[in-house]
Amino acid sequence: MKTFLAVLLLSSSAWAADQLPDGPGKATLIKVCTDCHGAEVVTGMAHDRQGWKEIVDQMLEKGATADEKQIKEIIDYLAKAFPKKSR
Ligand code: HEC
């Protein structure tokens, strides 16, 4: 039973990581942002840098823990990986 759960957990986080394009900051995002939910909350979203900054700020208020360097890496990564689509 324990093994089964571990496999389930591993495969679900691997799935989320698959949806994230490679790039600097990806590992930091996974480390900081998957404590409370999966990384899939950010996939499919599209924001400019300011929009992502606001989301990350909200997460910090909810209790996400990251230092300034990590926060910048995450915002840079998100703004590049999931940019606001131009009309
Ligand atoms: C301390 C727990 C926690 C951490 C850590 C955390 N979040 Fe969240 N996040 C939440 C909760 C709770 C929600 C559910 C939305 C709500 O209740 O407002 C959420 C929802 C979201 C959503 C969906 C918002 C929407 O409008 O649908 C996004 C995007 C998101 N988080 C991104 C991030 C990012 C990026 C990070 C890393 C910087 C992060 N989260 C880290 C708690 C957390």
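Not measured: the values here are computed from a predicted model.

Chemist: Explanation requested: the pattern of salt bridges in the structure shown.
Modeler: Any two side chains of opposite charge can pair, given that their charged atoms come close. Taken as a whole and assessed by the stated rule, the structure comprises 5 salt bridges. In this structure, Arg49 engages Asp76 in a salt bridge whose closest nitrogen and oxygen atoms are separated by 2.5 Å. With a gap of 27 residues between them, Arg49 in helix α3 (residues 49-62) and Asp76 in helix α4 (residues 68-81) connect regions that are remote in the sequence. Its relative accessible area of 40% is what places Arg49 among the partly exposed residues. Judged by its relative accessible area of 30%, Asp76 falls in the partly exposed class. Here Glu73 and Lys69 are joined by a salt bridge, their closest N and O atoms 3.3 Å apart. Of the two residues, Glu73 and Lys69 both sit in helix α4, 4 residues apart, roughly one turn of that helix. For Lys69, a relative accessible area of 61% corresponds to the exposed category. One network of salt bridges, with partners in common, ties together Arg49, Lys72 and Asp76.

Rules of the game
- Residues numbered from 1 in each chain as written.
- Predicted model: local features only at pLDDT ≥ 70, side-chain atom pairs only at ≥ 80, totals over all residues.
- Heavy atoms only, no water.
- Salt bridge = Lys/Arg side-chain N within 4 Å of Asp/Glu carboxyl O.
- Helix = DSSP H or I, 4+ residues; strand = E, 2+ residues; numbered from the N terminus.
- Buried < 20%, exposed > 50% of the residue type's maximum accessible area, 1.4 Å probe, protein only.

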